[in-house]
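Coordinate analysis (summary)
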Amino acid sequence: MKKFLDLGKQPLANSYLRKIDLRKKEKKFSLEVGFDTKNYLVSILNTVPKEKMFNKDYPYKSSESATMRNEFKKLSKKLKKRFKPSVSLEIGSNDGVFIKNFKKKEVIGVEPCKNLANITKTKGYKTYSEYWDMKLAKKIAEKKKIDLVYSANTISHIKNISEIFRAISFVLSDKGILILEDPSLLECMKNVAYDQFYCEHIYVFSTLSLIKILEPIGLEIFDIENLKTHGGSNRYYIKKKKNFYYKISSRVKLNIYKEKKYGLHKISTYKSFAKKVKKSKINLEKIFNKLIKKNKKIIGYGATAKSCTVLNYCNIDHKKINFFYDTTSYKIGNYLPGSKIEIKKYEKLDEKKVDYVFLGAWNFKEEIFKKEDLFIKKGGKFITHVPFPRII
Ligand code: JHZ
């Protein structure tokens, strides 16, 4: 594993502070990112125990954005039509944004964060509030195997990756498929979106790395969709190697070609990415310092986990950003970790009250710009760091 990026000392990204926590010293860990030259896997080097991150107080709810609600609805329709599963399983079912599109007896959720699992349980969906592993796989599918396993933005969060895939392979029926959706390393590199790295994102996958990981488990990718969600994600369709029911799409080759062309198999690519990240930090700091000198009022939009990395790495705190707007009830009234910026209940942007808005949720830029069209028309401005720091 070769280290290529150092994002400094960081607090836990989703550990929002209560007012009474503000005076306490926060626990921080070093956020470093490395590249495994053997299996092409990019991962953070110091991991935090899962119980510290994914527990009964988990604040992220997938259904907070209209974009994601629509995506999950469209996807569930498409999967039901294409694969006709009699039983489906979602690993990381969050607040049920995906499983709610299925009939209750046809879907099972797995969600270790109890506050979220309770939401789907009370709606009548079978939900295991446990971490995904072989023990749980056996409990769920000892007797009846699963036709479709779906997991979005979850597998990249789990450390013991080989066991995770072995457990998935165990639950799958012979014709069963796994659909995996996670941020794309290629898009992360192209967008200099270094904020995809934080404690929860243990891995940012490429097609190249997944092929290497799946191979010894007897699994293979047979199709890939490139998505716009979360700043550029890939949806991988995976099957057992001995399942010849599905042909391997030319899109798999195409993705391999694109990744190799960009150099995702070479350490030199990651070293040059690290240089771009340093430049991005300097330029974002310059923008903030210039605006603050001019006494401009800056707020943030979308108190994301990603923001934690950017704010702490670029020394942007409550002295520079007045507050963040967010729609998530679990976050409102609390403070962003490290930067200690207050999170307020979302209100429509008003150019008379705010000069500049830092886009914490840059991945929802289109949705946000649509919502705030009046603010933009009246001259309100946004600050973003993706793909390079600028005012828009
Ligand atoms: P969003 C989380 O990351 C954590 P984050 C996790 N590790 C992961 O992988 C991804 O999700 C999937 C708010 N918002 O999705 C809602 C508004 O307030 O970019 C959310 O707090 N108004 C599991 O946190 C945040 O922004 C809006 O109009 O980086 C978005 O968070 C919109 C659109 C969003 O994920």
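Keep in mind that what you see is a predicted model, and the values were worked out from it rather than measured. (Residues numbered from 1 in each chain as written. Predicted model: local features only at pLDDT ≥ 70, side-chain atom pairs only at ≥ 80, totals over all residues. Heavy atoms only, no water.)

Quick notes on the overall build of the protein chain
For the protein chain, the count of helices and strands is 12 helices and 17 strands. In terms of overall size, the protein chain behaves like a compact globule, its C-alpha atoms giving a radius of gyration of 21 Å where 392 residues would be expected to give roughly 21 Å. Overall, the C-alpha framework of the protein chain stretches about 65 × 50 × 40 Å when taken along its three principal axes. Taken across its 392 residues, the protein chain has 57% of its residues classed as buried. Within the protein chain, contacts between residues at least 6 apart in sequence are counted, and of these 68% link residues at least 24 apart. Counting every atom, the protein chain has about 18,300 Å² of accessible surface; 52% of that belongs to carbon and sulfur. Each charge sign in the protein chain was given a centre, from 85 positive and 41 negative side chains, and these centres are 2 Å apart. (Helix = DSSP H or I, 4+ residues; strand = E, 2+ residues; numbered from the N terminus. Rg over C-alpha atoms; globule rule 2.2 N^0.38 Å. Buried < 20%, exposed > 50% of the residue type's maximum accessible area, 1.4 Å probe, protein only. Contact = heavy atoms within 4.5 Å. Areas by Shrake-Rupley, 256 points an atom, 1.4 Å probe, with all protein chains shown as cover. Lys, Arg positive; Asp, Glu negative; His and termini not counted. Charge placed at Lys NZ, Arg CZ, Asp CG, Glu CD.)

Quick look at the pairing of strand β11 (residues 233–240)
Successive residues of a regular strand alternate their side chains across the two faces of the sheet. Among the eight residues that make up β11, eight are buried, leaving the element largely enclosed by the rest of the structure. Burial along β11 is two-sided: S233, R235, Y237 and K239 and N234, Y236, I238 and K240, pointing in opposite directions, are all buried. As paired elements, strand β8 (residues 172–183) and β11 share seven bridges and run antiparallel to each other. Paired with D182 across the bridge in β11 is N234. Where strand β10 (residues 219–227) and β11 come together, eight bridges link them in antiparallel fashion. Pairing of N226 across the sheet is with N234, part of β11. (Pairing = 2+ DSSP bridges.)

Brief notes about the site of the ligand
Residues in contact with the ligand amount to 26 residues; listed here are only the nearest, Y60, E200, K306, K331 and K371. Side-chain polar atom of Y198 to a nitrogen atom of the ligand: 2.9 Å apart, as the coordinates give it. The fraction of the free accessible surface of the ligand (730 Å²) that becomes covered by protein chains is 97%. Those elements that place two or more of their residues in the shell around the ligand are α10 (305–313) and α11 (365–371). No other element matches α11, which puts three residues into the shell around the ligand. (Near = heavy atom within 4 Å. Polar contact = N/O pair within 3.5 Å; in protein donor to acceptor, adjacent residues only side chain to side chain.)

Quick look at the packing of aromatic side chains
Considering all chains together, one arrives at 22 aromatic pairs under this definition. Taking the centre distance of 6.1 Å and the plane angle of 65° together, the rings of F222 and Y237 count as edge-to-face. Placement of F222 in strand β10 and of Y237 in strand β11 is noted, with a sequence separation of 15 residues between them. This pair shows no difference in class: F222 is buried, exactly as Y237 is. Taking the centre distance of 5.1 Å and the plane angle of 90° together, the rings of Y245 and Y246 count as edge-to-face. For Y245, a relative accessible area of 54% gives the class exposed. (Phe/Tyr/Trp six-rings, centres within 6.5 Å; stacked < 30°, edge-to-face > 60°.)

Considering the pairing of strand β12 (residues 298–301)
Burial along β12 is two-sided: the residues I298 and G300 and I299 and Y301 are all buried. With two bridges joining them, β12 and strand β13 (residues 323–326) adopt parallel strand pairing. Note on β13: the bridge partner recorded for Y301 is Y325. Of the crossover connections in this fold, the one passing from β12 over α10 to the parallel β13 is right-handed. (Right-handed = clockwise from strand over helix to strand, strands pointing away.)

Describing the packing of helix α7 (residues 207–214) against helix α8 (residues 250–262)
The description of two packed helices rests on the angle between their axes and on the distance between the axes. As a packed pair, α7 and α8 sit with axes 9 Å apart at the nearest point and diverge in direction by 120°. The angle between the axes of α7 and α8 places the two elements in the oblique class. Contacts from T207, L208 and I211 of α7 reach α8 at N255, I256, E259 and K260. Of the residues in the contact of α7 with α8, the class split is three nonpolar, two polar and two charged. (Axes fitted to C-alpha atoms, helices over the stretch in contact; angles between N-to-C directions. Parallel < 35°, antiparallel > 145°, perpendicular 65-115°, else oblique. Nonpolar A, V, L, I, M, F, W, Y, C, P; charged D, E, K, R; others polar.)

Focus: a positive patch on the surface
Taken together, the side chains of R69, K73, K77, K80, K100, K103, K105, K123, K348 and K371 define a basic patch exposed on the protein surface. Here the element with the most residues in the positive patch is helix α2 (residues 66–83); it accounts for four residues. Along the chain, R69 falls in helix α2. (Patch = residues over 30% accessible without salt bridge, like charges linked within 9 Å, V, L, I, M, F, W, Y side chains within 5 Å. Salt bridge = Lys/Arg side-chain N within 4 Å of Asp/Glu carboxyl O.)

With respect to the sheet that holds strand β14 (residues 342–345)
One open sheet accounts for six strands, arranged β14-β13-β12-β15-β16-β17; its pairing is mixed. Taken across any chain shown, the strands that pair with only one partner, and hence form the sheet edges, are β14 and β17 (390–391). Pairing of strand β16 (residues 381–384) with β17 involves two bridges; the strand directions are antiparallel. Bridging from a neighbouring strand, T384 pairs with R390 of β17.

Points about the packing of helix α4 (residues 134–141) against helix α5 (residues 161–171)
Contact geometry for α4 and α5: axes closest at 9 Å, N-to-C directions at 10°. Viewed along their axes, α4 and α5 adopt a mutual orientation that is roughly parallel. Listed contacts from α5 to M134, A137, K138 and A141 of α4 are E163, R166, A167, F170 and V171. Grouping the amino acids of the contact of α4 with α5 by side-chain chemistry returns six nonpolar, no polar and three charged.

Quick notes on the sheet that holds strand β7 (residues 146–152)
In spatial order, the strands read β6-β5-β4-β7-β8-β11-β10; together these seven strands make up an open sheet with mixed pairing. Strand pairing shows two members of the sheet lacking a second neighbour, β6 (126–128) and β10, which therefore form its edges. Averaged over all adjacent pairs, the angle separating strand axes in this sheet is 20°, with direction ignored. With respect to the sheet, α2 is in contact with β7, β8, β10 and β11, its orientation differing from that of β11 by roughly 25°.

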